[in-house]
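# Examining the three-dimensional arrangement
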Amino acid sequence: SSSSSSSPSSSSTASTASLCDDEEQYAMPPAGTAEPKEDDDEAPSKKPSKKKPTKLNPNMNFQAPGTLEELEGQEEGGKSSGMSKMGKIALGGAAVALGAGAVGAGVVYKKKKDEKKAQEEAAAAVEAAGKVEDEPEDELVFDVPADHETKPGSIDLYPEIIYGAESPVMDDSIDAACEEIKAACKGWGTDEDRLIAALGSKAPTERVKIYHRYKELNPRKGDLQAVMKKEEKGDFGFALQCLSLPPDLLDVFLVRQSTRMAGTREDHLFPLVCGRSNADIDHLKKMYFKIHDKDLGQLVESELTGDFERLALSCLQGGEEEFDVEVHTDDRAKEDAEKFHDAGQGKVFGSDEKGLFRILCFSPPAHLKAVNLAYAEKFGYTLFKALEKELHGITQRAAKFTLGMKLKPYETVAKLIKDSCKGIGTDETQLTSCLLRYQIIMPDVDAAYQELYGKSVRDAVSKEEGGNLGKLYMQILQ
């Protein structure tokens, strides 16, 4: 596979040079951090169900032959019917044959009944295509109603200030925040409550300004991430490091974190590169090259394999088409639905994953919604279910996430947050990443979370974490 990542100039600004020089700042949380639970790559095998005996249809007009004793005849006046032994055997065989015929008729009837039921279920699926039904908490069905409002392009998660050619304009509130952070870290002990209040309450745009301004005001201390790493350890210290970085440098840091240790954390990597807008993914590639002098596509090729590698590289191309009503017509949607089926469920031997990923990654959300509805109408289930049938393990999870970020992004992020909290032991790395990366759309995510799970993100997270880390999460989510 080859990546289409651009290779920008390696010149670094003063604000990001320290990230490249100080490799130690990219440190994993120290020993003792709860290790997130990984999902099995393969779906759990179902227990074989006991086959129930076929029952005859009570409405069938069929007369049972009776028992062998009845066929032998009744004694009349103390005399038997005088039937010979061979006659008895013949009549007994006839009874067995008739009984088998009855069972066979029942099987045929049951088969026709099951076929009719399957047809009714398929019709119901078409009628409800895209309708989110009640489902278990650990699953989310990305069926999208026809009247669902879908954005023409994938959501930009980076604030506008990230793309500004000029240095951001600072105001007194930014200087005051920098002074509060400095005061909280002054002396032998850190004032955690003061630090949480000063840094945890800031929006993404403010964090960009604080990151640059703090270094200007305190040139001898280094950048803010280095200060946070020195002040606090563990999951709380890791969260402070993440909070101290602008959103784009945070993603670079998290990509590095998920790939630098023995064994790539694929479950942490795919939300960083899958389902992103063209603008976000192009900027992420540029910043990764600027800081690490390495192409992000080359990193993916060296860390991943198989279908997951192909999906990640397709996402990294940043090739999502701009929605055009003249191009993305209903006929085009039906055509792409056919192609999607032919590449997956309709292919006799194996699957054409590249064909699946091409439609999944390059189609704009509004068009992909139309493809989803056309697919459900033609084949009786949605693209989401098609991916479940065709893919497995981490590739399936990443592909479903990519589809979800295009069709129902807020529900998809809500599920990612839910997954980071489920089971024994919270995945603090994933949860911190979610709360900060999706902070710009968190009000919509919170509304989706309440709709899906009956509680707010804040209430859910408050039950998972206590101490300083819990306080920091509550400050971020206020």
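Residues numbered from 1 in each chain as written. Predicted model: local features only at pLDDT ≥ 70, side-chain atom pairs only at ≥ 80, totals over all residues. Heavy atoms only, no water.

### Notes on the overall build of the chain
Stated precisely, the cut-off is as follows: By definition, any uninterrupted DSSP run of H or I lasting at least four residues is a helix, any uninterrupted run of E lasting at least two residues is a strand, and each is numbered from the N terminus. Under the scheme applied here, a residue whose accessible area is under 20% of the maximum for its type counts as buried, over 50% as exposed, and between as partly exposed, the area being computed with a 1.4 Å probe on protein chains only. Any two residues whose heavy atoms approach within 4.5 Å at even a single point are treated as in contact.
Of the regular secondary structure elements, the chain holds 23 helices and zero strands. Counting across all 478 residues of the chain, residues that qualify as buried make up 46%. Partitioning the contacts of the chain with sequence separation of at least 6, the portion at a separation of at least 24 is 74%.

### Some points on the nonpolar core
Using the following cut-off: Only buried Ala, Val, Leu, Ile, Met, Phe, Trp, Tyr and Cys residues count toward a nonpolar core, and they belong to the same one when joined by side-chain atoms within 4.5 Å.
In terms of nonpolar packing, the biggest core is built from 105 residues, with I181, M228, I417, L435 and Y438 touching the most fellow members. It is helix 18 (residues 393-407) that contributes the most residues to this core, seven residues altogether.

### Examining unusual backbone geometry
Residues other than glycine seldom take positive phi values, yet D293 does so here, at roughly 55 degrees. You can see D293 is positioned in the loop between helix 11 (278-292) and helix 12 (296-303). Taking relative accessible area as the criterion, D293 reaches 54% and is therefore assigned exposed.

### Considerations on helix 17 (residues 383-390)
For helix 17, the buried fraction is high: six of the eight residues fall into the buried class. Here helix 17 has its buried residues at L383, F384, A386, L387, E388 and E390. Buried residues along helix 17 sit in contact with helix 14 (330-343), helix 15 (353-362), helix 16 (365-379) and helix 18.

### A look at the packing of helix 14 against helix 15
Here is the rule we go by: Axis definition: a line fit to C-alpha positions, over the contact stretch in the case of helices; interaxial angles, taken between N-to-C directions, run 0 to 180 degrees. In this scheme, a crossing is called left-handed if the near helix is turned counterclockwise away from the far one by less than a right angle; it is called right-handed if the turn is clockwise. Amino acid classes used here: Ala, Val, Leu, Ile, Met, Phe, Trp, Tyr, Cys and Pro are nonpolar; Asp, Glu, Lys and Arg are charged; the rest, including Gly, are polar.
The N-to-C vectors of helix 14 and helix 15 enclose an angle of 150 degrees; their axes lie 8 Å apart at closest approach. Regarding helix 14 and helix 15, the two cross each other, and that crossing is left-handed. On helix 15, the residues touching D336, K339, F340 and A343 of helix 14 are G355, L356 and I359. In the contact of helix 14 with helix 15, the residues fall into four nonpolar, one polar and two charged.

### Observations concerning the packing of helix 14 against helix 16
At a minimum axis separation of 8 Å, helix 14 and helix 16 run at an interaxial angle of 65 degrees. The two elements helix 14 and helix 16 cross, and the hand of that crossing is right-handed. Within the contact between the two elements, helix 14 uses R332, A333, K334, D336, A337, E338, F340 and H341 and helix 16 uses H367, A370, V371, A374, Y375, K378 and F379. Taken together, the residues that form the contact of helix 14 with helix 16 break down as eight nonpolar, two polar and five charged.

### A look at the pattern of salt bridges
A pair can form between side chains of opposite charge whenever their charged atoms are brought close. So the rule is basically this: Put simply, a salt bridge is a Lys or Arg side-chain nitrogen that is within 4 Å of an Asp or Glu carboxyl oxygen.
Counting across every chain of the model gives 20 salt bridges. With its nearest N and O atoms 2.4 Å apart, the salt bridge here joins R310 to D307. Taken together, the positions of R310 and D307, both in helix 13 (residues 306-316) and three residues apart, correspond to about one turn of that helix. Between D336 and R332 there is a salt bridge, with the nearest N and O atoms lying 3.2 Å from each other. Highlighted residues: D336 and R332, both in helix 14, separated by four residues, approximately one helical turn.

### A look at the packing of aromatic side chains
Two aromatic rings are characterised by how far apart their centres lie and by the angle between their planes. As a reminder, the rule being used: Geometry of aromatic contacts follows a simple scheme: Phe, Tyr and Trp rings, the Trp one being its six-membered ring, pair when their centres are within 6.5 Å, and the pair is stacked under 30 degrees between planes, edge-to-face over 60, tilted otherwise. Working rule: Lys NZ or Arg CZ, within 6 Å of ring centre, within 35 degrees of ring normal, means a charge sits over the ring.
For the structure on display, the rule yields six aromatic pairs. Pairing F238 with F253 gives two aromatic rings, centres 5.9 Å apart and planes at 35 degrees, and the pair type is tilted. Here F253 lies in helix 9 (residues 247-260) and F238 lies in helix 8 (residues 234-244), a separation of 15 residues in the sequence. Both residues of the pair, F238 and F253, count as buried. A ring pair is formed by Y375 and Y381, whose centres lie 5.7 Å apart and whose planes are at 65 degrees; its orientation type is edge-to-face. Counting every residue linked through ring pairs, the aromatic cluster contains F340, Y375, F379 and Y381. R276 extends its terminal NZ or CZ atom over the ring of Y158, reaching a point 5.2 Å from the ring centre. Cation over ring: K418 sits above Y453, and NZ or CZ is 5.1 Å from the ring centre.

Function-wise, these values are silent; they only describe arrangement.
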